[in-house]
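Here is what each chain is made of, one letter per residue.
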Amino acid sequence: MEKGKIVSIEDRIPKLKQLRKSKANRRLVLLLSLFFILVACVLYFLSPLSYVKSVQVEGNRYITSKQIIKLSKVKKDRSIWKVDTGTAAANIKKNQEIKSVKVTPVFPNSIKITVSEHNRMAYLSNNGKFAPILENGSVLEELATGEIPVFAPVLIGFKEGKALKLLLEELDKLPVEIQNAISEIHYAPTKTDEYHIVMFMNDGFEVSATSRTLYEKMIHYPSIVSQLDPNVKGVIDLEVGSYFKAYEDTEQKEDTNEEN
């Protein structure tokens, strides 16, 4: 049996010393690294480097980012880590249009505000001014002069009451793509139907309907329009059945009556 090679203590000591020195160096590098990181963190927190430099707003459609930042009352002369995010969120939530809000600091010097808004179901028109109506039924203050209604139809001739309430309930049931296809809704009550309405669509068609069955009838609007000639505009009557009358036909009848 072959005997193992014997290493003398004199040969082992230099290797042990080198190993210990290598471990000590690594330990020193680690401690120095931690020290410098700690110093850098302290300097960052105490210096203007951590002060709010920008505020980013996400999720808003109706309220401008500038308005939301103003509501938050976030100041740019303090560290992002000293911003009271709870208070900032509560300040923004005071706006009726805000459904939910989250405020978070973002390294190194930004604040991110993420909001979710109540949908605007429609705009109530009054003497050329427009008051947004939210999905929860709240009627907001009129838009500032120059602001244009977007993402919802304009209601003309309506006042707060059962006719408006029923219309909003029916609109809320409709898919967003059909809601967005409506440009204006005029309140046009008749002797037989106090809920009669006339809608002008973004594609150029006119719809005669009643708020009583608005969802039931309008859900088929895309299918109805797909069967019509897009170059021939007219009235789609959805009050009882469903039929189309071109504007040209109406004009021809009027001309005939005038000749007689």
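The numbering scheme is per chain: residues are counted from 1 as the chain's sequence reads. In keeping with the predicted nature of the model, local features appear solely for residues at pLDDT of at least 70, side-chain atom pairs appear and are counted solely at 80 or more, and the whole-chain, interface and lining totals rest on all residues. Excluding hydrogens and water, the side-chain values take into account all heavy atoms of the structure.

If you look the chain up in an unreviewed UniProt entry, it shows as Cell division protein DivIB from Peribacillus castrilensis. UniProt positions are given in the numbering used here, feature names are shortened, and annotations may be inferred rather than shown by experiment. The UniProt entry for the chain carries the following comment under Function (unreviewed entry): "Cell division protein that may be involved in stabilizing or promoting the assembly of the division complex." Under the heading Sequence similarities (unreviewed entry), UniProt records this for the chain: "Belongs to the FtsQ/DivIB family. DivIB subfamily."

Asks: Tell me about the overall build of the chain, residues and numbers included.
Replies: Strands here are runs of E lasting at least two residues and helices are runs of H or I lasting at least four, both read from the DSSP assignment and numbered beginning at the N terminus. Summing up its helical and strand segments, the chain has 8 helices and 11 strands in all. Note on classification: 1.4 Å probe, protein chains only; a residue is buried when its accessible area is under 20% of the maximum for its type, exposed when over 50%, partly exposed between these limits. For the chain, the residues scored as buried account for 32% of the 260 residues in total. Here the contacts in the chain between residues at least 6 apart in sequence split such that 46% fall between residues at least 24 apart. Each accessible area is a Shrake-Rupley result for a 1.4 Å probe, and residues are judged covered by the shown protein chains and nothing else. Within the structure as shown, the chain displays about 17,400 Å² of accessible surface, and the carbon and sulfur contribution to it stands at 56%. The contact rule is simple, with two residues in contact once any of their heavy atoms fall within 4.5 Å.

Asks: Which residues make up the side chain of histidine 196, and what are the values?
Replies: Following the sequence through the fold, histidine 196 ends up in strand E8 (residues 196–201). A relative accessible area of 8% means that histidine 196 is categorised as buried. Identification of polar contacts relies on pairs of N or O atoms within 3.5 Å, with a donor-acceptor requirement for protein atoms, meaning one able to donate a hydrogen and the other able to accept it, and with residues adjacent in sequence counted only if both atoms are side-chain atoms. Of note is the side chain of histidine 196, whose polar atom sits 3.4 Å from the side chain of glutamate 239. The residues contacting histidine 196, other than those within four sequence positions of it, are His186, Tyr187, Ala188, Pro189, Thr190, Ser208, Ala209, Thr210 and Glu239.

Asks: Residue-level account of the pattern of salt bridges, with values.
Replies: Note on definitions: salt bridges are taken to be side-chain nitrogens of Lys or Arg within 4 Å of carboxyl oxygens of Asp or Glu. If you walk through the whole model with that rule in mind, you get 6 salt bridges. Close ionic contact of glutamate 135 with lysine 99 constitutes a salt bridge, the shortest N to O distance being 3.4 Å. Of this pair, glutamate 135 sits in the loop between strand E5 (129–134) and strand E6 (154–156) while lysine 99 sits in strand E2 (residues 98–106); the two residues are 36 residues apart in sequence, bridging distant segments of the chain. With a relative accessible area of 39%, lysine 99 lands in the partly exposed category.

Asks: Account for the packing of aromatic side chains, naming residues and giving values.
Replies: Two aromatic rings from Phe, Tyr or Trp, using only the six-membered ring of Trp, form a pair when their centres are within 6.5 Å; if the ring planes differ by under 30 degrees the pair is stacked, by over 60 it is edge-to-face, and anything between is tilted. Inspection of the entire model under this criterion finds 4 aromatic pairs. Both rings, one in tyrosine 62 and one in phenylalanine 151, keep their centres 6.0 Å apart while their planes meet at 75°; by these two values the pair is edge-to-face. Residue tyrosine 62 is found in the loop between strand E1 (54–58) and helix H2 (65–72), and its partner phenylalanine 151 is found in the loop between E5 and E6; the two are separated by 89 residues along the sequence. Residue phenylalanine 151 is classed as partly exposed on the basis of its relative accessible area, which comes to 44%. The ring of phenylalanine 151 has arginine 61 lying over it, and the distance from NZ or CZ to the ring centre is 4.2 Å. Counted as over-ring charges are cases with an Arg CZ or a Lys NZ within 6 Å of the ring centre that also lie within 35 degrees of the ring normal.

Asks: So what's going on with a nonpolar patch on the surface? Which residues, and what values?
Replies: Distance thresholds for patches are 9 Å for like charges and 5 Å for nonpolar side chains (Val, Leu, Ile, Met, Phe, Trp, Tyr), applied to residues having over 30% relative accessible area and no salt bridge. Residues Leu28, Leu32, Phe35, Phe36, Val39 and Leu43 make up a contiguous nonpolar surface patch of about 580 Å² in total accessible area. Positionally, phenylalanine 35 belongs in helix H1 (residues 9–46). Given a relative accessible area of 46%, phenylalanine 35 falls into the partly exposed group.

Asks: I'd like a description of the nonpolar core, backed by residues and values.
Replies: Counting 29 residues, the largest nonpolar core has Leu155, Ile185, Met199, Val207, Met218 and Ile236 as its most contacted members. Here this core takes 4 residues from helix H4 (residues 162–173), the largest share from any one element. With residues up to four places along the chain from it excluded, the contact list for methionine 218 reads Leu174, Ile178, Met199, Met201, Val207 and Leu238. Core analysis: the next-biggest nonpolar cluster, separate from the first, contains 18 residues, Val52, Val57, Val83 and Ala89 among them. What we call a nonpolar core is a set of buried Ala, Val, Leu, Ile, Met, Phe, Trp, Tyr and Cys residues that are connected through their side-chain atoms within 4.5 Å.

Asks: Quick rundown of the UniProt feature "transmembrane region" (unreviewed entry) in the chain? Include the residues and the values.
Replies: What UniProt calls "transmembrane region" (unreviewed entry) maps, in this numbering, to residues 28–46. The distance separating the terminal C-alpha atoms of residues 28–46 is 27 Å; by composition the span is 100% helix and 0% strand.

Asks: Go over the sheet that holds strand E10 (residues 234–237) with me, naming the residues and quoting the values.
Replies: Strand order in the open sheet made by the 8 strands is E5-E4-E6-E7-E8-E9-E10-E11, with mixed pairing throughout. Bordering the open sheet on either side are E5 and strand E11 (243–246), each of which pairs with just one other strand. When strand polarity is set aside, the average angle formed by the axes of neighbouring strands in this sheet is 25°. Two strands qualify as a pair provided that DSSP identifies no fewer than 2 bridges between them. As paired strands, E10 and E11 are joined by 4 bridges and run antiparallel to one another. Looking at the pairing, isoleucine 236 lines up with phenylalanine 244 of E11. Lines fitted to C-alpha atoms define the axes here, with helix axes fitted over just the stretch in contact, and angles between the N-to-C directions of these axes take values from 0 to 180 degrees.

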